[in-house]
Amino acid sequence: MTWNSWHMGGIERKAIAQGFSFYSPIRYSELPRYYRESSDPVDVAVFQVTPMDEHGYFNFGPSASHLGAVCEKAKKIIVEVNTNMPRCLGGMENCVHVSQVSGIVEGANPPIGQMAAAGAATEVDLKVANLIVPQIPNGACLQLGIGAIPDAVLLFLKDKKDLGIHSEMFSDGVVELVEAGVITNAKKNIHKGKSVATFLMGTRRLYDYVDNNPEVAMMPVDYVNDPRVICQNDNLVSINSCVQVDLMGQVVSTCVGLRQISGVGGQVDFVRGANMSRGGRTIMAMPSTAAKGTISKIVPLIDEGAAVTTSRY
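Residues numbered from 1 in each chain as written. Predicted model: local features only at pLDDT ≥ 70, side-chain atom pairs only at ≥ 80, totals over all residues. Heavy atoms only, no water.

Enquirer: Please clarify how the overall build of the protein should be interpreted in this entry.
Expert: Helices and strands together make up the secondary structure of the protein, namely 10 helices and 22 strands. With respect to the three principal axes, the spread of C-alpha positions in the protein is 55 × 50 × 35 Å. Expressed as a percentage of its 313 residues, the buried residues of the protein come to 49%. In the protein, 70% of the contacts between residues at least 6 apart in sequence involve partners at least 24 apart. Total accessible area on the protein stands at roughly 15500 Å², and carbon and sulfur atoms take up 54% of it. Charged side chains of the protein number 27 positive and 30 negative; the gap between the two group centres comes to 5 Å. (Helix = DSSP H or I, 4+ residues; strand = E, 2+ residues; numbered from the N terminus. Buried < 20%, exposed > 50% of the residue type's maximum accessible area, 1.4 Å probe, protein only. Contact = heavy atoms within 4.5 Å. Areas by Shrake-Rupley, 256 points an atom, 1.4 Å probe, with all protein chains shown as cover. Lys, Arg positive; Asp, Glu negative; His and termini not counted. Charge placed at Lys NZ, Arg CZ, Asp CG, Glu CD.)

Structure (structure tokens):
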């Protein structure tokens, strides 16, 4: 088989090394359009869903980003029912009706949300996070990328008021701030009172929180990550991490030289959206060195063969 991936993970990096997997460069927000317009047909779509509700709908759970678009084009849809998956609210784009489904797989389901909680933040992570926190005003709307530093920022926000969430994803740290009354989404211009995301990734605590919770809206990625939508929230603070940045301001987030380690995700879209937001700002956060302090991540020139994620402009 050949596996074409639009976002690299650890397993996929190993598959690339073995020669049967390839990276397809695409902005995450363009994924629904890719499936709708691609000349490459979608023969079979297979994915996990919640148990069917009384109206005949299977819910996509914590992954609303593009499955609706896939279902529009797929010749056959096969769903695996996972009784442990949380039902995430948001809209019709986050479900598929039994009349559209060709096959249903049922059986014993292992627990979900068993990923280990994030490890303790390092001293460097905490120092960088402390530099970021003063840049977040009360009432700000946050987008948090994946990484130790965005997670560490959440540890220092307990004294903030009325923060909101409009983010590609969020994890357990957001739940803690909701329970502490810090995240209320009360100051958002759109989707007031709701935390908006396109996918979730965390432990059982996160999935229990979002299950049938009207305070959480899971929506397709071509909406959540659209800069024209992002900028409608004032004081949008975008926090992302990166691998390398050069002195011209070019940001590399997906590769080390020629080696692909990740996909672009929503970084580019949220950088644009935050800069368009009234009072918004975008932050690239990283330790200044790697490999136990032996390699600088701030360089005169990016590594040969590396692809720029976010341009200097």
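Enquirer: Quick question: what am I supposed to make of the packing of helix α4 (residues 123-132) against helix α5 (residues 148-155) here?
Expert: Each pair of packed helices can be described by the angle between their axes along with the distance between the axes. Two elements in contact, α4 and α5, have axes separated by 8 Å at closest approach and are oriented at 65°. As α4 packs across α5, the resulting crossing turns out to be right-handed. For the pair formed by α4 and α5, the contact residues are D125, L126, V128, A129 and I132 on the first element and A148, I149, A152, V153 and L155 on the second. (Axes fitted to C-alpha atoms, helices over the stretch in contact; angles between N-to-C directions. Left-handed = near helix turned anticlockwise from the far one by under 90°.)

Enquirer: Could you clarify how one ought to interpret the sheet that holds strand β16 (residues 251-252) in this entry?
Expert: Spatial strand order, β16-β15-β22: three strands in an open sheet with mixed pairing. On the outer flanks of this sheet lie β16 and β22 (298-299), each paired with one strand and no other. Of the pairings in the sheet, the one linking strand β15 (residues 244-246) to β16 comprises two bridges and is antiparallel in character. The partner of Q244 across the bridge, within β16, is V252. (Pairing = 2+ DSSP bridges.)

Enquirer: Any chance you could explain the pattern of salt bridges here in plain terms?
Expert: A side chain with one charge may pair with a side chain of the opposite charge, provided their charged atoms come close. Counted according to the given criterion, the structure contains 13 salt bridges. Between R27 and D269 there is a salt bridge, with the nearest N and O atoms lying 3.1 Å from each other. Taken together, the residues span a long stretch of sequence, with R27 in the loop between β2 (21-23) and α2 (31-37) and D269 in helix α10 (residues 267-276) at a distance of 242 residues. For R27, a relative accessible area of 31% puts it in the partly exposed group. (Salt bridge = Lys/Arg side-chain N within 4 Å of Asp/Glu carboxyl O.)

Enquirer: Sorry if this is basic, but what is going on with the sheet that holds strand β8 (residues 141-144) here?
Expert: In a beta sheet, neighbouring strands are held together by backbone hydrogen bonds and run either parallel or antiparallel to one another. If you walk across this open sheet you meet the four strands as β9-β8-β14-β19, and the pairing is parallel. Since the sheet does not close on itself, it has two edges, and those belong to β9 (164-165) and β19 (281-285), each with one partner. By the bridge criterion, two bridges tie β8 to β9 in an arrangement that is parallel. Following the sheet pairing, C141 is matched in β9 by G164. Here α10 sits on the sheet in contact with β8, β14 (236-241) and β19, set at roughly 150° to β14.

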